[in-house]
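What follows is each chain in one-letter form.
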Amino acid sequence: MSKIRILAIPSDQHGVGKFRILDPYEYLAENHSDDLHVDISFNVENNDDAFLNYDVVVLHSFIHQLPHEDNIKRINWLKSKGIKVIMDIDDMWAVDQRHPMYEQIKATKLPEKKVQMLRLVDYVTCTTEYFANVIKERLGLTKN
């Protein structure tokens, strides 16, 4: 059996990206190297060749540091090539007016963009079973 080739894309090196993508995928690479090959990239080029050697792409917030539409196009392209896409989410995509960034989040339509990505990817990972059930219920997802 050949190794599963994973491209992990953390959103940063210090916060969520470190604890949700960087550390777990470094652990997998170090402890399951017979089964997995893991590459980690903080800034993936927006060209098809950058992805052709992978079976799985894992992201937290984005694949490319480009507009949302470019990330949607990339997810659709990956899926068309049979490359599985996993999105990690650590907290609720929608916030209310008590959140300090509420106006900015509302203005940029971040919740709608997150929901679009969550519905499009093949699998979603999250922080807790409770949150997984909230995601499934709110988005009408029945699997993955």
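None of these values were measured; they are calculated from a predicted model.

1. A word on the nonpolar core
A general feature of soluble globular proteins is that nonpolar side chains tend to end up buried together. F51, L78 and W93 are the most contacted members of the largest nonpolar core, which totals 27 residues. Those elements that place two or more of their residues in this core are β1 (4–9), β3 (56–59), α2 (68–80), β4 (84–89), α4 (110–120) and α5 (129–139). Once residues lying within four places of it in the same chain are set aside, the contact partners of W93 are P111, K114, V115, L118, F131, I135, R138 and L139. Counting nine residues, the second-largest nonpolar core is a separate cluster that includes I21, Y25, V38 and I86.

2. Notes on unusual backbone geometry
Although it is not a glycine, K109 sits at a positive phi angle of roughly 60°. Structurally, K109 is set in the loop between α3 (102–108) and α4.

3. Side note on the layout of surface pockets
Size it by volume and the largest pocket reaches roughly 380 Å³. Forming the walls of the largest pocket are 17 residues, and the residues nearest its centre are D91, M92, I105, L110 and K114. When contributions to the lining of the largest pocket are tallied by element, the ones reaching two or more residues are α3 and α4. By residue number, the principal contributor to the lining of the largest pocket is α3, which donates three residues. Classifying every residue of the lining of the largest pocket by side-chain character gives eight nonpolar, six polar and three charged. By volume, the second largest pocket amounts to about 220 Å³. Lining the second largest pocket are 13 residues, with S61, F62, H68, L110 and K113 sitting closest to its centre. Of all the secondary-structure elements, those providing two or more residues to the lining of the second largest pocket are α2 and α4. The biggest single contributor to the lining of the second largest pocket is α4, with four residues. Its residues assigned to classes, the lining of the second largest pocket comprises five nonpolar, six polar and two charged.

4. Here's the deal with the packing of aromatic side chains
The full count for this structure, using the stated rule, is two aromatic pairs. Positioned above the aromatic ring of F19 is the side chain of K18, whose terminal nitrogen or guanidinium carbon lies 5.2 Å from the ring centre. Against the face of W77 rests R74, its NZ or CZ located 5.1 Å from the ring centre.

5. Quick word on helix α1 (residues 16–31)
Its 16 residues place the ends of α1 22 Å apart at the C-alpha level, agreeing with the 22 Å of an ideal helix rising 1.5 Å per residue. Most pronounced at L22, the bend in α1 amounts to some 30°, and the proline P24 follows within four residues. Restricting attention to buried positions, one finds in α1 the residues G17, I21, L22 and Y25. Its buried side turned inward, α1 meets β1, β2 (36–40), β3 and β4.

Basis of the calculations
Residues numbered from 1 in each chain as written. Predicted model: local features only at pLDDT ≥ 70, side-chain atom pairs only at ≥ 80, totals over all residues. Heavy atoms only, no water. Core = buried A, V, L, I, M, F, W, Y, C linked by side-chain atoms within 4.5 Å. Buried < 20%, exposed > 50% of the residue type's maximum accessible area, 1.4 Å probe, protein only. Helix = DSSP H or I, 4+ residues; strand = E, 2+ residues; numbered from the N terminus. Contact = heavy atoms within 4.5 Å. 1 Å grid on protein atoms, 1.4 Å probe; cavity = no way out; pocket = protein on both sides within 12 Å on 5 of 7 lines; lining within 4 Å. Points joined across faces, edges and corners; volume = space filled by probe spheres on them. Nonpolar A, V, L, I, M, F, W, Y, C, P; charged D, E, K, R; others polar. Phe/Tyr/Trp six-rings, centres within 6.5 Å; stacked < 30°, edge-to-face > 60°. Lys NZ or Arg CZ within 6 Å of the ring centre and 35° of its normal. Expected span 1.5 Å × (residues − 1). Bend = angle between axes of the 7 residues up to and from the residue.

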